[in-house]
Amino acid sequence: MMDIKYIRDNAEKVQQNNVNKGYGNLSVEELLDLDNERRDLQTQVDELREQRNQISAQMKNGKPDQDLIDQGKQIKIQLSEREEYLRATDEKFMELLKKFPNMALDSVPVGLTEDENVEVKRVGDQPKFDFTPLNHAELAIKRGWLDQERAVKVAGSRFVYMKGDLARLEFAMFQFGIDTLTDPEKIREIIEGAGLTGKVSEIPFTFVLPPAVAKTAVFEATGRLNRAETTYKIEDEDLWLNASAEHTLSPMYLDEILDEKDLPIRLVGYTTAFRREAGTYGKDTEGFFRLHQFNKLEMESFTTADKSYNEHLFMVAIQEYLMAQLKLPYRVLEKCTFDIGRPNAKGVDIEVWLPSQNKYRETHTADYITDFQTRAMKTRVRRENGDLKLAHTNDATAFSERPLIGIIENYQNADGTVTIPEVLRKYMGNKEVI
RNA sequence: GGAAGAGUGGCCGAGUGGUUUAAGGCGCACGCCUGGAAAGUGUGUUGAGUCGAAAGGCUCUCGCAGGUUCAAAUCCUGUCUCUUCCGCCA
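Residues numbered from 1 in each chain as written. Chains lettered and ligands numbered in written order. Predicted model: local features only at pLDDT ≥ 70, side-chain atom pairs only at ≥ 80, totals over all residues. Heavy atoms only, no water.

Chemist: Account for the pattern of salt bridges, with residues named and values stated.
Modeler: Tallying each qualifying case throughout the model produces 32 salt bridges. Among the ionic pairs, K121 bridges to E320, the shortest N-O distance being 3.1 Å. Of the two residues, K121 is situated in strand β1 (residues 118-123) and E320 in helix α11 (residues 308-325); the sequence distance between them amounts to 199 residues. Judged by its relative accessible area of 35%, K121 is partly exposed. For E320, a relative accessible area of 14% translates into the label buried. (Salt bridge = Lys/Arg side-chain N within 4 Å of Asp/Glu carboxyl O. Helix = DSSP H or I, 4+ residues; strand = E, 2+ residues; numbered from the N terminus. Buried < 20%, exposed > 50% of the residue type's maximum accessible area, 1.4 Å probe, protein only.)

Chemist: Lay out the domain arrangement of chain A in plain terms, naming residues and giving numbers.
Modeler: When the domains of chain A are assigned, the result is domain 1 (4-97) and domain 2 (114-428). On a C-alpha basis, the centres of domain 1 and domain 2 stand 42 Å from each other. (Domains from an automatic or database assignment.)

Chemist: Now, about the sheet that holds strand β7 (residues 239-241): what can you tell me, with residues and values included?
Modeler: Whenever strands of a sheet pair, they do so through backbone hydrogen bonds, lying parallel or antiparallel. Read across the open sheet, the three strands follow the order β5-β7-β6; overall the sheet is antiparallel. What marks the edges here is a single partner per strand, and that holds for β5 (213-215) and β6 (233-234). For β5 and β7, the ladder comprises three bridges, and the chain directions are antiparallel. Within β7, the residue paired with V213 across the bridge is L241. (Pairing = 2+ DSSP bridges.)

Chemist: Tell me what's going on with the protein's contact with RNA strand B, and back it up with residues and numbers.
Modeler: If you check the shell around RNA strand B, you find 18 residues, and the closest are D46, R52, M59, K73 and R382. Atoms of RNA strand B within 4 Å of the protein: sugar and phosphate make up 84%, bases the balance. In this structure, a phosphate oxygen belonging to RNA strand B sits 3.2 Å away from a side-chain N or O atom of R8. At 3.2 Å from a sugar or linking oxygen of RNA strand B is found a side-chain nitrogen or oxygen belonging to R49. When residues of the surface near RNA strand B are traced back to their parent elements, those giving at least two are α3 (28-61), α4 (66-99) and β14 (380-382). When grouped by side-chain class, the residues that make up the surface near RNA strand B number three nonpolar, four polar and 11 charged. (Near = heavy atom within 4 Å. Polar contact = N/O pair within 3.5 Å; in protein donor to acceptor, adjacent residues only side chain to side chain. Nonpolar A, V, L, I, M, F, W, Y, C, P; charged D, E, K, R; others polar.)

Chemist: Any chance you could break down the environment of D306 for me, citing the residues and the numbers?
Modeler: With respect to the element layout, D306 can be found in the loop between β10 (293-303) and α11. On a C-alpha basis, the gap between D306 and H247 in space is 24 Å, while along the polypeptide they are 59 residues apart. A polar atom in the side chain of D306 sits 2.7 Å from the side chain of T304. Here the side chain of D306 touches R383 through a polar contact of 3.5 Å, side chain to side chain.

Chemist: Kindly report on the packing of helix α7 (residues 164-181) against helix α13 (residues 402-410), identifying the contributing residues and their values.
Modeler: Interaxial distance between α7 and α13 falls to 10 Å at its minimum, and their mutual angle equals 120°. By crossing handedness, the relation of α7 to α13 is classed as right-handed. Residues L166, L169, E170 and M173 of α7 form the contact with α13, whose own contacting residues are P403, L404, I407 and I408. Partitioning the contact of α7 with α13 into residue classes produces seven nonpolar, no polar and one charged. (Axes fitted to C-alpha atoms, helices over the stretch in contact; angles between N-to-C directions. Left-handed = near helix turned anticlockwise from the far one by under 90°. Contact = heavy atoms within 4.5 Å.)

Chemist: Outline the sheet that holds strand β15 (residues 388-390), supporting the account with residue identities and numerical values.
Modeler: The mixed open sheet is built from three strands, whose spatial order is β8-β14-β15. Every interior strand has two partners, whereas the edge strands, β8 (257-259) and β15, have only one. Neighbour-to-neighbour, the strand axes of the sheet open up by a mean angle of 35°, direction not taken into account. Relative to β14, β8 runs parallel, the two being bridged by three bridges. Residue pairing for β14: I257 is matched across the bridge by R380.

Right under this line is the structure:
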């Protein structure tokens, strides 16, 4: 959620940001009108309550006074009318305010389609094959690793059974990710490699197995509840299935005041993610590129405002490190204003090279969210100087299932086998090929 | 899922309609006292909104949401969470 005080002071800039992020229909003027109305009403209500309290205080000492009781009754009537008006105005105000997107940093490229995303760099060589490479779905089905037909029978389209060595490889990859993120030595190595020494904390991540559901109000506070297109609701419960561990990690400190000396809090959470994928019919239907259900390892961190930007760069560095360790060819994109998403101030995507599609496809996102989530969640920090400030959150993918697609396509051999990336072999019984 | 009990400032805990602007204690912060400390002692110590240059004023906040009343931590209704017991269960 945006800071109304910031909007009051920066009306034009906020309106321009709305336009840049594809929310040009949201009017700052309309919001500020509601804000003024709301504050006027609040003052009126406060004054009436003050009168009521004064009358009540007079009544404490002596016997009940009919005159005071009558005055109190008058105030009660006026107050309930004003309060109702205030409640309705406040509701309209909040409804509109919650729709406002976070301010994009000035460095974020302005653009209203994903074509405006800017490629920052390419890393790793695209493999050359002396045979015609299969796409990941063909290969996985051929090897008995993927059963879509039976999944359709049981659960419907966009669900799969993942089996055998591919399923094992997935857990190997996740274990590799967990081992890396919880290892102080590896964290230091990544920070050094990214030139962030002294700029970010060197404390490792804590591995978390979080709930996979969140209550409506909590999910809304994350700014990620998208009823129409993404999120599944559990019938007869006030619960939604998470579409990422972010949705249950970021609200962990809801309504809490954190101590600065305990920061940063770095978490890496594993859950199964559920997405309705409404509006993507016909897109990426082959294999397991876009499913209603997939597993994901997600990073989340809580910092003070002055540390959060470097924390974001650190998370991107981690993502690059993981991809580089797997020796997958990838590229890094600076996402444009439209593509970074409503809660983001900045966003980076990492895409893996897919030989079958002859292009790079998204595997990782890093979200720089500033205080947009913590304002709604009331997650604050007691600074060392005693100030109370909103915490900042950063959120980023460690591994989803998509890098597996990159692995089996880039590491495939002519005979249909797949060479296992070196760093994963120890998790696969030291096998070199599956 | 059923039954009973309980939710009060950072923590413990008093409080069954108006001397509560939430007693008292612990912890914490800053003083006084002391050669220094302990003890003692004084002041302060939830968070939010709003007005104000500031000092400060006003309002709200006793799990949450409604209701009764001139007046609610206190009475009523709903709901959530926790504890104990029962049932079910990986």
